[in-house]
Amino acid sequence: MTFHDRTDPECRPVLSAAAAQMLENPWPADPAGRRKIGDALLAAQTATAPEGVIWDDLRVPGLSGEPDVPVRLYRPASAPHPGPGVLFIHGGGMWAGSIAHEHVQAATLSAALGAVVVSVGYRLAPEAPYPAAVHDCFGTLVWMAGHAGDLGFDPSRLAVTGGSAGGGLALAVALLARDRGGPALRYVMAQYPMIDDRSETASALEFDDLGVVWDRRKNVEAWNWYLAGQAADLYAAPARASTAQLAGLPPTFLDVGELDPFRDEDIAFATRLMQAGVPTELHVYPGAFHGSEHMVPDAELSVRIHQTRLAALRRALRPSPPPAGVTADPAAPELAR
């Protein structure tokens, strides 16, 4: 069966239309040209952000000696008690994407979880290769945790999430937070994370030249731009961490589509997390390709993917039970359902 025939039936028409558009408008070879086309495709999304969320664009301090980082801060319009905090990291292969492109996803998280969400506008390759992106994300996490009281969230309920490149950066941030003594994270959610610069797994080789969606050819190119000749360590490519080097990470959620070139690297990473004693939840979705839930958001499969992620975050970020003998505040609301 072809890649097209194996995709979820509700996703096939959109995939065919995207393939026809790609034939009419081939991708340029340079990252700037590709970024322009990618920006136009992402800007064409028709989804709207939910009501009940207020947001502001800020610049926060980077790590010592590095530039300030643009972020977008989301807060529920009414939150009488501190809720959870979520660091949100957009995707884009380390060379594309932006806060604006994933505005709806970040705002939806804030509304659904009653959470303070900080979306990071990290520097992009090839203009700013590794470690710029992960440093920007980690610096933002440090700032966020240090201002929990001002921002209005419970620092004991802090999570990091992202998809694709954002998922890989979320895992890298978790590794840095563990190795640098904080900030403490309650949870990590990595959606089909981009974590292995080698691109040598069976699924990477299988999905080598799809053209219309992310494939091995694009992935190799993106890693070359991101690493810029540097050797990858575990913070650049978390798949390079040994099982022992994964011990001590917070509970982690990973998902990936059956037809995603990242399928095998993500499954292997989840397996090693479990072997390292990290509580791990893994989902593999038949018929899903890279980013299919965003390309076809109304498909039953896409709805199920989004609902599964949201349910996992709700469970993970609930308030901790009170100590024995202490009565919980009856006025404190639970996370939005």
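What you see is a predicted model; the values in this text were computed from it and never measured.

Chemist: Report on the environment of Leu124, specifying residues and quantitative values.
Modeler: Within the fold, Leu124 resides in the loop between strand E4 (116–120) and helix H5 (132–146). Sequence separation between Leu124 and Gly97 is 27 residues; the distance between their C-alpha atoms is 8.7 Å. In this structure Leu124 touches Arg35, His90, Met94, Trp95, Ala96 and Gly97, once residues within four positions along its chain are discounted.

Chemist: How would you summarise the pattern of salt bridges if you had to cite specific residues and measurements?
Modeler: All chains considered together, the criterion is met by 18 salt bridges. Here Asp57 ties to Arg72 by a salt bridge, and the two come within 2.6 Å at their closest N and O atoms. Remark: Arg72 occurs in strand E2 (residues 69–76) and Asp57 occurs in strand E1 (residues 53–60); sequence separation between them is 15 residues. Classification of Asp57 as partly exposed rests on a relative accessible area of 48%. The class for Arg72 is buried, based on a relative accessible area of 12%. As a salt-bridge pair, Arg198 and Asp196 come within 2.8 Å of each other at their nearest N and O atoms. With a relative accessible area of 34%, Arg198 lands in the partly exposed category. In the salt-bridge network here, residues are joined through shared partners; they are Arg6, Glu206, Glu258, Arg263 and Asp264.

Chemist: Please give an account of helix H9 (residues 216–227) that cites residues and values.
Modeler: Think of an α-helix as turning once every 3.6 residues; residues three or four places apart then point the same way. The end-to-end C-alpha separation of H9 is 16 Å, in line with the 16 Å expected for 12 residues at 1.5 Å each. Listed as buried for H9 are Lys218, Asn219, Ala222, Trp223, Trp225, Tyr226 and Leu227. Where H9 begins, the side chain of Asp215 points an oxygen toward the backbone nitrogen of Arg217, at a separation of 3.3 Å. One or two steps after H9, the chain reaches Ala228, where phi turns positive at roughly 50 degrees.

Chemist: Quick one: what's the story with the packing of aromatic side chains, residue by residue and with numbers?
Modeler: Inspection of the entire model under this criterion finds five aromatic pairs. Aromatic pair Phe3 and Phe289: ring centres 6.1 Å apart, planes at 55 degrees, arrangement tilted. With Phe3 in helix H1 (residues 3–6) and Phe289 in the loop between strand E8 (280–285) and helix H12 (292–295), the pair connects residues that are 286 residues apart, well separated along the chain. As far as burial versus exposure is concerned, Phe3 and Phe289 are alike and both buried. Relative to Tyr226, the ring of Trp223 lies with its centre 5.9 Å away and its plane at 65 degrees, an arrangement referred to as edge-to-face. Taken together, the residues Trp223 and Tyr226, both in helix H9 and three residues apart, mark about one turn of the helix. Given the relative accessible area of 1%, Trp223 is considered buried. Relative accessible area serves as the criterion here: at 1%, Tyr226 is assigned to the buried category. Linked through ring pairs, Phe3, Phe207 and Phe289 together constitute an aromatic cluster.

Chemist: Describe unusual backbone geometry, and please don't skip the residues or the numbers.
Modeler: Put simply, Tyr130 and Pro131 share a cis peptide bond, and its omega is 10 degrees. Locating Pro131 in the fold gives a position in the loop between E4 and H5. That bond from Gly182 to Pro183 is cis: its omega, 5 degrees, falls within 30 degrees of zero. You can see Pro183 is positioned in the loop between helix H7 (165–179) and strand E6 (187–191). Positive phi, normally seen in glycine, also occurs at Met94, with a value near 75 degrees.

How each quantity is defined
- Residues numbered from 1 in each chain as written.
- Predicted model: local features only at pLDDT ≥ 70, side-chain atom pairs only at ≥ 80, totals over all residues.
- Heavy atoms only, no water.
- Helix = DSSP H or I, 4+ residues; strand = E, 2+ residues; numbered from the N terminus.
- Contact = heavy atoms within 4.5 Å.
- Salt bridge = Lys/Arg side-chain N within 4 Å of Asp/Glu carboxyl O.
- Buried < 20%, exposed > 50% of the residue type's maximum accessible area, 1.4 Å probe, protein only.
- Expected span 1.5 Å × (residues − 1).
- Polar contact = N/O pair within 3.5 Å; in protein donor to acceptor, adjacent residues only side chain to side chain.
- Phe/Tyr/Trp six-rings, centres within 6.5 Å; stacked < 30°, edge-to-face > 60°.

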